[in-house]
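Here is what each chain is made of, one letter per residue.
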Amino acid sequence: MLRAILIDDEPDNVKLLALQLKLYCPQVSVVAECTNSKEGLTKIKELQPNIIFLDIEMPFMNGFELLEAIGSLNFQVVFVTAYDQFAIKAFKFSALDYLLKPVDARELKTAVGKAEQSAKIDKGQLQMLKQQLSADDRQLPDKIALPYQNGVIFTELTKVMYCEADNNYTRFVLQDGKQYIIAKTLGNIQEILEDRNFLRVHRQYLINLDHIAKYVRGDGNYLVMSDQKSIPVARNKKERLIEKFGWL
């Protein structure tokens, strides 16, 4: 069983989420329902949960300040938020789980399933998200968090050459030859990176445009990447390449 604490300054949100967890996530036991951050801090220290569902915008002490006050974060965190689309992209770049209000039952079950696979939150991911949400220029980061089997790696987007679909996973191939398999589909990754100089050129590949070394025309149009990897270009994707590179 996952021992959960719910923290939100709106009592109706707490009650509804507790009901949804009872109905859809029987593996979760709600051990405390808190309607202010001070109470939440006390309960976390007292009850040692496996997971907390946390609102960010709360009076007196917001969600980030609460987590900083705890110190050692030996649990998973799912943020429950009403943020806008920019903030949602920031969550995705930092690879932290979030639920949009009102909470969808399927997304709740997915978030709980992910929490079962990892024992605690990574502070680097948390700091990355905090910086983005507090930035005045609303620019997305130049790094992305990649959670893999042994932890989380933070890599600069310029060092990612391409991403390759691997069933329901995605393989990130970096400039230094390292590879990381992420538990997200290539479609999920495309949503995150499509505005950051990456282009889906094939159902199996999302590429960093800066790492194209050569384009080869013919019956089987394909790209040669900076590591000499040949990547096919689907017919219906060629126009997007033309938009980026007039020489095609």
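The structure this text deals with has already been given above.
Residues numbered from 1 in each chain as written. Predicted model: local features only at pLDDT ≥ 70, side-chain atom pairs only at ≥ 80, totals over all residues. Heavy atoms only, no water.

A. Local environment of helix H4 (residues 85–94). Most of H4 sits inside the fold, with eight of its ten residues counted as buried. Looking only at H4, the buried set comprises Phe 86, Ala 87, Ile 88, Lys 89, Ala 90, Phe 91, Phe 93 and Ser 94. Considering only its buried residues, H4 is in contact with strand S4 (76–81), strand S5 (98–100), helix H6 (123–134), strand S6 (143–148) and helix H7 (186–193). Phi for Ala 95, located one or two positions after H4, is positive at around 60°. (Buried < 20%, exposed > 50% of the residue type's maximum accessible area, 1.4 Å probe, protein only. Helix = DSSP H or I, 4+ residues; strand = E, 2+ residues; numbered from the N terminus. Contact = heavy atoms within 4.5 Å.)

B. How the structure looks around the pattern of salt bridges. Taken as a whole, this structure holds ten salt bridges when the rule is applied. Between Asp 97 and Lys 114 there is a salt bridge, with its nearest N and O atoms 3.4 Å apart. Of the two residues, Asp 97 is situated in the loop between H4 and S5 and Lys 114 in helix H5 (residues 105–117); the sequence distance between them amounts to 17 residues. When its relative accessible area of 37% is taken as the criterion, Lys 114 is described as partly exposed. Here Asp 104 and Arg 106 are joined by a salt bridge, their closest N and O atoms 3.8 Å apart. Overall, the relative accessible area of 63% leaves Arg 106 in the exposed class. In this structure, a network of salt bridges that share partners links the residues Asp 8, Asp 55 and Lys 101. (Salt bridge = Lys/Arg side-chain N within 4 Å of Asp/Glu carboxyl O.)

C. Spatial organisation of the side chain of Thr 155. On the secondary structure map, Thr 155 appears in strand S7 (residues 151–156). Once residues lying within four places of it in the same chain are set aside, the contact partners of Thr 155 are Asp 142, Lys 143, Ile 144, Leu 146, Val 160 and Leu 174.

D. The arrangement of the sheet that holds strand S15 (residues 230–232) in detail. Taken together, the three strands give an open sheet; going across it, the order is S13-S14-S15, and neighbouring strands pair in antiparallel fashion. The open sheet has two edge strands, strand S13 (212–216) and S15, and neither has a second partner. Averaged over all neighbouring strand pairs, the angle between strand axes comes to 25°, with direction disregarded. Summarising the sheet, strand S14 (residues 222–225) and S15 pair through three bridges and their orientation is antiparallel. Within the sheet, the bridge partner assigned to Tyr 222 lies in S15 and is Pro 232. (Pairing = 2+ DSSP bridges. Axes fitted to C-alpha atoms, helices over the stretch in contact; angles between N-to-C directions.)

E. Just H6, in detail. For H6, which comprises twelve residues, the first-to-last C-alpha distance of 16 Å matches the rise-based estimate of 16 Å (1.5 Å per residue) to within 8%. Among the residues making up H6, those that are buried are Gln 125, Leu 126, Met 128, Leu 129 and Gln 132. When H6 is viewed along its axis, its buried side chains cluster within an angular range of 160° and face the same direction. Its buried side turned inward, H6 meets helix H3 (63–70), S4, H4, S6 and S7. Near the N-terminus of H6, the side chain that reaches the backbone nitrogen of Gly 124, with its oxygen 2.8 Å away, is that of Asp 122. (Expected span 1.5 Å × (residues − 1). Arc of directions from axis to C-beta. Polar contact = N/O pair within 3.5 Å; in protein donor to acceptor, adjacent residues only side chain to side chain.)

F. Main features of the packing of aromatic side chains. Taken as a whole, this structure holds four aromatic pairs when the rule is applied. Ring plane angle 55° and centroid distance 5.8 Å describe the contact between Phe 79 and Phe 91, whose orientation is recorded as tilted. Note that Phe 79 is positioned in strand S4 and Phe 91 in helix H4, a separation of twelve residues in sequence. Looking at Phe 79, the relative accessible area reads 0%, which means it is buried. Look at Phe 91 and Tyr 98: their rings are 5.2 Å apart centre to centre, the planes differ by 35°, and that puts the pair in the tilted class. According to the relative accessible area criterion, Phe 91 is buried, its value standing at 0%. (Phe/Tyr/Trp six-rings, centres within 6.5 Å; stacked < 30°, edge-to-face > 60°.)

Treat this as a map of the structure, not an account of what it does.
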